[in-house]
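# Summary of the model geometry
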Amino acid sequence: MQDEPTPIELLDAVITYLRDELMPELSGRSAFLTRVSANACDIVRRHLENAAGYDAAEMARLTALLKTTGTLEELNRELCTRIEQGAMTLDTPGLTDHLWATTIEKVSVDQPQYAPYRRALKTFQAKNS
Amino acid sequence: MNEQVTVVRDDFSTHLEATIKRAVPGATGIAHLRRLSGGASQETWSFEAVGRGFTRKLILRRAPGGDRVHDRAVGLEKEAALIGLARAAGVPEPEVVHVLEPGDGVGRGFVVAFLEGETLGRKIVRDDIFAEARKTLAHRCGEVMAKIHHLPLSSLPPLRTATAEERLNELHQNYKMAGTPRPVFALAFEWLRTRLPKAPVPPKLVHGDFRNGNLIIGPEGLRAVLDWELAHLGDPIEDLGWICIAPWRFSGEGPAGGFGTREQLVAGYEAGGGGKVDMEHLKWWEVLGSLSWGVSCGAMFLSFRSGVDRTIERAMIARRASENEIDLLHLLAPRG
């Protein structure tokens with residue numbers, strides 16, 4: 001068992017330092033790159049918290065959709081092949097549901113403030129409530 | 001504008017000063033030379049030509065380090081020629097004051113008049129002082145595109161031709177090279193392939209990067225269209241599709257640049273003599289444009305992982321491909 005603070009707690013401390021202490025001291029390119037670095041830490045934080053669950057859900061959907069097993073990369077490659085061969089299309093039951101779900105999960109880690117993501121999220125939450 | 005205040009006194013500024021003394025009647029020197037930020041593929045410098053009783057604000061566009069030019073770029077001399085031709089045809093463009101020659105010793109590039117105005121997309125879609133301009137801006141962009149597409153091919157410098165099919169194939173190669181399987185991209189490629197515009201499109205001059213972020217805007221409207229680096233011959237509807245893609249909306253209202261509707265853009269294009277626009281044809285180019293942005297984000301990953309560019313900036317752009325996947329799904333499989 002590793003000692004604490006947890007990775008997420010450590011990251012939070014780094015993010016707070018970068019945003020609240022370092023950034024106000026800087027200007028121009030250094031300030032910009034410091035903001036980008038804090039944003040990158042935010043992605044790492046969301047990735048650590050959510051990616052394992054999202055990957056498991058994606059794996060379950062892909063296995064059901066393709067009726068085959070493999071690693072996530074193998075299954076995604078197989079899905080691409082079927083789409084490229086025209087064997088799976090926009091009309092294939094479950095395909096666009098899977099793509100929407102996977103994409104929403106990815107953007108929720110990468111860029112949760114992105115307006116088209118927030119718009120999509122609203123639609124999905126309305127549907128599921 | 002975000003400016004880096006670097007005053008340079010070296011061979012470059014000495015040669016530029018000598019060039020301006022030759023090129024601008026009455027100029028006895030230059031002042032306030034500084035590099036403006038932005039534009040990784042070209043350098044932009046602002047300065048003033050000064051003489052007895054006059055100052056003239058100018059902009060130098062130059063190949064990075066003097067002479068490196070991007071693969072798909074038209075080259076700075078042709079870019080200057082296109083700006084001049086477009087301006088003569090009524091497209092809002094700065095006056096070209098001088099095209100650099102080898103004897104100038106400043107590298108490759110050109111000098112244009114400085115135009116006052118806003119170029120930051122975020123401000124253009126949001127700030128109150130542009131509220132009036134926004135009402136007609138999409139229509140005006142359509143009109144201006146029509147003027148560009150009307151330039152007679154015989155008047156143009158030699159340019160590469162890129163048809164819809166060639167653009168699609170090139171993009172697909174770049175996607176395959178990046179290596180990551182992306183089912184949303186695969187779906188978009190398939191959608192584009194099965195809907196390739198069938199009738200041959202007579203090639204026109206395509207600006208290639210006509211979008212919010214490359215426009216100079218004042219409170220009254222459009223003052224200039226910048227950055228002709230990606231100009232080529234091809235299907236003119238490419239320009240209409242490109243200005244509509246999500247990355248250039250800056251969270252503004254409306255698909256056209258974040259400031260207008262597709263209908264306003266198309267109405268302006270038709271009013272400007274661009275001809276009838278088929279909305280499905282426009283959508284084809286919007287999907288291709290959107291996908292090409294996503295494929296570029298993916299390519300950023302390749303250059304990061306291979307060690308060509310290990311910066312945090314590059315790494316973070318690679319993580320933006322997923323944004324593009326959500327844009328594509330909104331286009332291809334809309335929900336709600």
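Everything discussed here concerns the structure shown above.
So, here's what we can say about the structure. (Residues numbered from 1 in each chain as written. Chains lettered and ligands numbered in written order. Predicted model: local features only at pLDDT ≥ 70, side-chain atom pairs only at ≥ 80, totals over all residues. Heavy atoms only, no water.)

## Describing the packing of aromatic side chains
All names here are of chain B. For the structure shown, the criterion picks out six aromatic pairs over all chains. Judged by centre distance (5.3 Å) and plane angle (35 degrees), the rings of Tyr 175 and Phe 189 are tilted. Of this pair, Tyr 175 sits in helix α5 (residues 164-178) while Phe 189 sits in helix α6 (residues 183-194), placing them 14 residues apart in sequence. Each member of the pair, Tyr 175 as well as Phe 189, carries the same accessibility label: buried. In textbook terms, an aromatic cluster arises when at least three aromatic residues are bridged by ring pairs, as seen for Tyr 175, Phe 185 and Phe 189. The cationic tip of Arg 310 hangs over the ring face of Phe 304; the distance from NZ or CZ to the ring centre is 4.5 Å. (Phe/Tyr/Trp six-rings, centres within 6.5 Å; stacked < 30°, edge-to-face > 60°. Helix = DSSP H or I, 4+ residues; strand = E, 2+ residues; numbered from the N terminus. Buried < 20%, exposed > 50% of the residue type's maximum accessible area, 1.4 Å probe, protein only. Lys NZ or Arg CZ within 6 Å of the ring centre and 35° of its normal.)

## Topic: the layout of surface pockets
Here the second largest pocket is characterised by a volume of approximately 1200 Å³. Lys 106 and Asp 110 of chain A together with Thr 180, Arg 182 and Arg 319 of chain B are the residues nearest the centre of the second largest pocket, which is lined by 40 residues in total. When contributions to the lining of the second largest pocket are tallied by element, the ones reaching two or more residues are α2 (28-66), α3 (72-84) and α4 (95-110) of chain A together with α5, α6, α9 (279-305), α10 (312-318) and α11 (321-332) of chain B. Looking at the lining of the second largest pocket residue by residue, the classes come out as 22 nonpolar, eight polar and 10 charged. (1 Å grid on protein atoms, 1.4 Å probe; cavity = no way out; pocket = protein on both sides within 12 Å on 5 of 7 lines; lining within 4 Å. Points joined across faces, edges and corners; volume = space filled by probe spheres on them. Nonpolar A, V, L, I, M, F, W, Y, C, P; charged D, E, K, R; others polar.)

## Concerning the pairing of strand β2 (residues 43-51) of chain B
Residue and element names in this part refer to chain B. Counting buried positions along β2 gives eight out of nine residues, so the element sits mostly inside the fold. For strand β1 (residues 27-36) and β2, the ladder comprises seven bridges, and the chain directions are antiparallel. Looking across to β2, one finds that Arg 34 is bridged to Ser 46. When β2 meets strand β3 (residues 54-62), the two strands line up antiparallel, connected through nine bridges. Opposite Glu 43, over in β3, you have Arg 62 as the bridge partner. The antiparallel pairing of β2 with β3 creates a hairpin that spans two residues between the two strands, and Gly 53 there sits at a positive phi of about 75 degrees. (Pairing = 2+ DSSP bridges.)

## Things to note about the sheet that holds β3 of chain B
All names here are of chain B. Reading across from one edge, β1-β2-β3-β5-β4 is the order of the five strands in this open sheet, with antiparallel pairing throughout. Either end of the sheet is taken by a strand with one partner, and the two such strands are β1 and β4 (96-99). Across the sheet, the axes of successive neighbouring strands diverge by a mean angle of 25 degrees, strand direction being ignored. The sheet strands contacting helix α1 (residues 11-23) are β1, β2, β3, β4 and β5 (109-113), and the helix crosses β1 at an angle near 130 degrees. (Axes fitted to C-alpha atoms, helices over the stretch in contact; angles between N-to-C directions. Contact = heavy atoms within 4.5 Å.)

## Quick look at the nonpolar core
With 89 residues, the main nonpolar core has Leu 79 of chain A together with Leu 205, Phe 210, Leu 240, Trp 284 and Leu 291 of chain B as its most contacted residues. For this core, the two domains that each supply at least three residues are domain 1 (11-113) and domain 2 (121-332) of chain B. If we skip the residues at most four places from it in the chain, Leu 291 of chain B touches Leu 171, Phe 185, Ala 188, Phe 189, Leu 192, Asn 324 and Leu 328 of chain B. Membership of the second largest hydrophobic core comes to 16 residues, among which are Phe 12, Leu 33, Val 106 and Val 111 of chain B. (Core = buried A, V, L, I, M, F, W, Y, C linked by side-chain atoms within 4.5 Å. Domains from an automatic or database assignment.)

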